[in-house]
Amino acid sequence: MPSASTKAAATHASADTRLAPADTRLAPGAPGYRRMSLALFAAGLATFALLYSTQALLPAISAEFGATASAASWTVSAATGALALCVLPLSALSERFGRRAMMIASLTVAVGIALLVPLAPNLESLIALRAIQGAALAGLPASAMAFLAEEVRPKALIAAIGLFVAGNSIGGMSGRLVTGWVAQMWGWRAGLAAVGLTSLLCALAFRALLPKARHFTPGTLNPKALARTVRTHLADPLLMRLYVIGALFMTVFGAVYTVIGYRLVEAPFSLPQGVIGSIFLIYLVGTVSSAAAGRLVGRLGRRGALYLAVSTTTAGLLLSLSDALPAVLAGLVLITAGFFAGHAVASSSVSRTATTGRAQASALYQSAYYLGSSAGGTLGAIAFHAGGWAGTVLIGLVAVLGVVSVTLYGSHSARVEARQGRQGRLAASC
């Protein structure tokens, strides 16, 4: 029979269990989780559809305005660069006014600009409108990551962020697909208008579905405190490595998908605009790989998942050098799968690593990520002009080598810290 002390301990433990506050954050199966997931999926879809709406149309834009590939690529790079510059200050505003309010305002303004973009009379005004649109969108990605970190249970966080990233991939795919076919029939301006109207529907769905935040605590707009938080994040070696990894992965992706239209419209492929837009159906591979990121981390660990993403991306870059269209498409499949897996792993790791100032931690990641996109698009176009597709692939391989170097350095640092910790415990015991 159990002793009296055992019964007392059991009774005390039972009482503690009853008194422990329940975790009211969202998890799969909980009320509101499905609505939240659908809302953020719609937001992710609209964000990438708007942000990269001109990418599949670059050859047509170049033809109308008599612009080079590198000049036309600024219709993409201006948007991503403006987003990178504005994401941190807008994330600070989300600390004061709320993630939900910031995301709704951001998407509303971006959609409004999208309805004006097709009316741009020249390349300069098109680039300016795209920069304003990118700045408006800056309030959404970091606020979404912080919203998930606050409202979702930790064990479900990677899966929730993976679904948001999956919305990004479908948005990028559908936006380019729609613009490609609509542009082939009615011109690139009609293609951009179609993306604007589609994003308007996504924005309406997002506002209707997104539940109110239950775990957000408003802060004050204190520039000094913001600067301290940013310095703290930048001084964290793990966060810095994750920021660099996100930027380098996006450099590869930005270079490849900014230039691929120019390659496919030329010999030996000579594909029409609609077919080139359909190439972006490959983004569906990214939907699968980003949603599977949580399982990859569970099996391989964070570094193992990153190495797998790097290997997949590298294989795709090398395969894309072929002049056979099936090989090029297979290469794009591998590049897309590797990129979205690596991005989902890195971005979710940022949310889990930062215990304070999550919005700023996510904002810094987004800044690095979209600066990588701008750099990749611009450098990829310049390299293509100088050395053809091989030059663009070289830019991608250099960026991939950077990811490997940063990850290896992280593994080495972890081993050194573990060894120092063991030595410290041994000295203390003596």
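The rules we used
Residues numbered from 1 in each chain as written. Predicted model: local features only at pLDDT ≥ 70, side-chain atom pairs only at ≥ 80, totals over all residues. Heavy atoms only, no water. Helix = DSSP H or I, 4+ residues; strand = E, 2+ residues; numbered from the N terminus. Contact = heavy atoms within 4.5 Å. Areas by Shrake-Rupley, 256 points an atom, 1.4 Å probe, with all protein chains shown as cover. Salt bridge = Lys/Arg side-chain N within 4 Å of Asp/Glu carboxyl O. Buried < 20%, exposed > 50% of the residue type's maximum accessible area, 1.4 Å probe, protein only. Phe/Tyr/Trp six-rings, centres within 6.5 Å; stacked < 30°, edge-to-face > 60°. Axes fitted to C-alpha atoms, helices over the stretch in contact; angles between N-to-C directions. Parallel < 35°, antiparallel > 145°, perpendicular 65-115°, else oblique. Left-handed = near helix turned anticlockwise from the far one by under 90°. Nonpolar A, V, L, I, M, F, W, Y, C, P; charged D, E, K, R; others polar. Expected span 1.5 Å × (residues − 1). Arc of directions from axis to C-beta. Polar contact = N/O pair within 3.5 Å; in protein donor to acceptor, adjacent residues only side chain to side chain. 1 Å grid on protein atoms, 1.4 Å probe; cavity = no way out; pocket = protein on both sides within 12 Å on 5 of 7 lines; lining within 4 Å. Points joined across faces, edges and corners; volume = space filled by probe spheres on them. pLDDT = per-residue confidence, 0-100. Patch = residues over 30% accessible without salt bridge, like charges linked within 9 Å, V, L, I, M, F, W, Y side chains within 5 Å. Core = buried A, V, L, I, M, F, W, Y, C linked by side-chain atoms within 4.5 Å.

### Re the overall build of the protein
Move 1: Along the protein, the regular secondary structure elements total 17 helices and zero strands.
Move 2: Put simply, of all contacts in the protein between residues at least 6 apart along the chain, 84% involve residues at least 24 apart.
Move 3: For the protein, the computed accessible surface area is about 17800 Å², with 68% contributed by carbon and sulfur atoms.

### A look at the pattern of salt bridges
Move 1: The full count for this structure, using the stated rule, is two salt bridges.
Move 2: The closest approach of N and O atoms between Arg 189 and Glu 64, which form a salt bridge, is 3.2 Å. Of the two residues, Arg 189 sits in helix α10 (residues 188-209) while Glu 64 sits in helix α3 (residues 58-65), which places them 125 residues apart along the sequence.
Move 3: Judged by its relative accessible area of 26%, Arg 189 is partly exposed.
Move 4: Accessibility expressed as a relative area gives 43% for Glu 64, which makes it partly exposed.
Move 5: Its salt-bridge partner being Arg 263, residue Asp 323 comes within 3.4 Å of it at the nearest N-O pair.

### Let's talk about the packing of aromatic side chains
Between two aromatic rings, the relevant description is the distance of the centres plus the angle of the planes.
Move 1: Overall, the coordinates contain ten aromatic pairs when judged by the stated rule.
Move 2: Relative to Phe 340, the ring of Phe 253 lies with its centre 5.5 Å away and its plane at 75 degrees, an arrangement referred to as edge-to-face. Linking Phe 253 in helix α12 (residues 237-265) with Phe 340 in helix α16 (residues 325-353), this pair joins segments that are 87 residues apart in sequence.
Move 3: Members of the aromatic cluster, each reached through a chain of ring pairs, are Phe 253, Tyr 257, Phe 280, Phe 339, Phe 340, Tyr 365, Tyr 369 and Tyr 370.

### A look at unusual backbone geometry
Move 1: That bond from Ala 267 to Pro 268 is cis: its omega, 10 degrees, falls within 30 degrees of zero.
Move 2: Counting through the fold element by element, Pro 268 comes out in the loop between α12 and α13 (273-278).
Move 3: You will see that Ser 270, though not glycine, has its phi angle at about 50 degrees, which is positive.

### A word on the packing of helix α2 (residues 33-51) against α10
Move 1: At a minimum axis separation of 8 Å, α2 and α10 run at an interaxial angle of 155 degrees. Relative to α10, the element α2 lies roughly antiparallel. Of the two elements, α2 crosses α10, and the hand of that crossing is left-handed. Across the interface between the two elements, Arg 35, Leu 38, Ala 39, Leu 40, Ala 42, Ala 43, Leu 45, Ala 46, Ala 49 and Leu 50 of α2 pack against Val 195, Ser 199, Cys 202, Phe 206, Ala 208 and Leu 209 of α10.
Move 2: Tallied by class, the residues present in the contact of α2 with α10 amount to 14 nonpolar, one polar and one charged.

### Some details on helix α7 (residues 123-137)
Helical geometry: 3.6 residues make up each α-helical turn, so side chains three or four residues apart lie on a common side.
Move 1: In this model α7 runs 21 Å from its N-terminal to its C-terminal C-alpha over 15 residues, within 8% of the 21 Å that 1.5 Å per residue would give.
Move 2: Looking only at α7, the buried set comprises Leu 123, Leu 126, Leu 129, Arg 130, Gln 133, Gly 134, Ala 136 and Leu 137. End-on view of α7: buried residues confined to an arc of 155 degrees, all on one side of the axis.
Move 3: You can read the cap of α7 off the contacts: a side-chain oxygen lies 3.3 Å from the backbone nitrogen of Glu 124, and it is on Asn 122.

### Observations concerning empty space enclosed by the protein
Move 1: Enumeration over the complete set of coordinates arrives at four cavities of 30 Å³ or more.
Move 2: What the largest cavity holds in volume is close to 90 Å³.
Move 3: If you go around the largest cavity, the residues you meet are Leu 238, Arg 241, Leu 242, Ile 245, Arg 302, Arg 303, Leu 306, Val 406, Thr 407 and Gly 410.
Move 4: For the lining of the largest cavity, the secondary structure elements donating two or more residues are α12, α15 (293-319) and α17 (358-429).
Move 5: Considering each element in turn, the lining of the largest cavity owes the most residues, four residues, to α12.
Move 6: Of the residues assigned to the lining of the largest cavity, the class counts are five nonpolar, two polar and three charged.

### What to know about the confidence of the model for the protein
Move 1: Counting all residues, the mean pLDDT for the protein is 83, and 87% of those residues have values of 70 or more.
Move 2: Ignoring residues within four places in sequence, the model shows residues 1-20, a span with pLDDT below 50, making one contact including any to other chains.

### Examining the side chain of Ser 347
Move 1: With respect to the secondary-structure elements, Ser 347 resides in helix α16.
Move 2: In this structure the side chain of Ser 347 is engaged in a polar contact, spanning 2.8 Å, whose partner is the backbone oxygen of His 343.

### Let's talk about a nonpolar patch on the surface
Move 1: Side chains of Leu 115, Leu 197, Leu 200, Leu 201 and Leu 204 sit close together on the surface and give an oily, nonpolar patch of about 480 Å² of accessible area.
Move 2: With respect to the secondary-structure elements, Leu 200 resides in helix α10.

### Quick word on the packing of α12 against α16
Move 1: Across the interface, α12 lies against α16 with an axial gap of 9 Å and an inter-helix angle of 155 degrees. Considering the angle they form, α12 stands roughly antiparallel to α16. As α12 runs across α16, the sense of the crossing is left-handed.
Move 2: Looking at side-chain class alone, the contact of α12 with α16 contains 20 nonpolar, five polar and one charged residues.

### Regarding the nonpolar core
Move 1: Counting residues in each nonpolar core, the largest one holds 110 residues, and the members touching the most others are Leu 40, Leu 148, Phe 206 and Tyr 257.
Move 2: Element by element, the count of residues in this core is highest for α12, at 16 residues.
Move 3: The residues touching Leu 40, leaving out its near neighbours within four places in the chain, are Met 103, Ala 144, Phe 147, Leu 148, Phe 164, Phe 206 and Leu 210.

### A closer look at the environment of Ile 170
Move 1: By the secondary structure assignment, Ile 170 is in helix α9 (residues 154-186).
Move 2: Measuring from C-alpha to C-alpha, the distance between Ile 170 and Val 285 comes to 9.4 Å, with 115 residues separating the pair along the chain.
Move 3: In this view, Ile 170 contacts Phe 41, Leu 45, Leu 284 and Thr 287; residues no more than four positions away in its chain are not counted.

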